[in-house]
Amino acid sequence: MHDDTSKTQILTSPVTGRAAGLGETPDTYFASGLMGSGAVLAPCDAVVNFVFPKKYALGLRTTEGLEVVLQVGIGSNQMDSRCFQPLVDCGCQVRQGQELLRFDLEAMQQAGILTATPLVVNRSPQQVHPLALGNLEAGSALLEVTL
């Protein structure tokens, strides 16, 4: 449903890699849609809602109420939190394209952690349209979300 009161937001990819739908994500929690529906999503202008205690995941909320959750790696909850360095705290205002988190890719790969980075739309927006699937660069348009 798209009406005159609907707002549209474009989300861009936070990492260089391959964008895929959640059904292709090798983690049953994300693939089942329990976190929302969509594909790997990109950061947007928002406020940081939370940073997971182990530092591998964070949540964002836009002024329009869109919520996205970013998790670095599948199985990263098994990693030592020293592998993840959040660059923002809860309550911080962030801009699209701003670096939010650094992580030790080599340590993740050595530990056998899948390096997929799910970024999930939460709170069921009206529509989520993928703008790109497959290989893309960080900062490329990824999704159009209608609120």
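Residues numbered from 1 in each chain as written. Predicted model: local features only at pLDDT ≥ 70, side-chain atom pairs only at ≥ 80, totals over all residues. Heavy atoms only, no water.

**Quick notes on the pattern of salt bridges**
Here is step 1: Scanning the entire structure with this criterion turns up 4 salt bridges.
Here is step 2: A salt bridge links arginine 95 to aspartate 45; the shortest N-O distance between them is 3.2 Å. With a gap of 50 residues between them, arginine 95 in the loop between strand 7 (93-94) and strand 8 (101-103) and aspartate 45 in the loop between helix 1 (28-31) and strand 3 (46-51) connect regions that are remote in the sequence.
Here is step 3: Judged by relative accessible area, aspartate 45 falls into the partly exposed class, the value being 31%. (Salt bridge = Lys/Arg side-chain N within 4 Å of Asp/Glu carboxyl O. Helix = DSSP H or I, 4+ residues; strand = E, 2+ residues; numbered from the N terminus. Buried < 20%, exposed > 50% of the residue type's maximum accessible area, 1.4 Å probe, protein only.)

**Notes on the sheet that holds strand 7**
Here is step 1: Reading across from one edge, 7-3-4-5-9 is the order of the 5 strands in this open sheet, with antiparallel pairing throughout. This sheet does not close on itself; its edge strands, each paired only once, are strand 7 and strand 9 (119-122).
Here is step 2: Where strand 3 lies against strand 7, 2 bridges are found, and the strand directions are antiparallel. Within the sheet, the bridge partner assigned to valine 47 lies in strand 7 and is glutamine 93. (Pairing = 2+ DSSP bridges.)

**Observations regarding unusual backbone geometry**
Here is step 1: With a phi close to 75°, lysine 55 is a non-glycine residue in the positive phi region.
Here is step 2: One can find lysine 55 in the loop between strand 3 and strand 4 (57-61).

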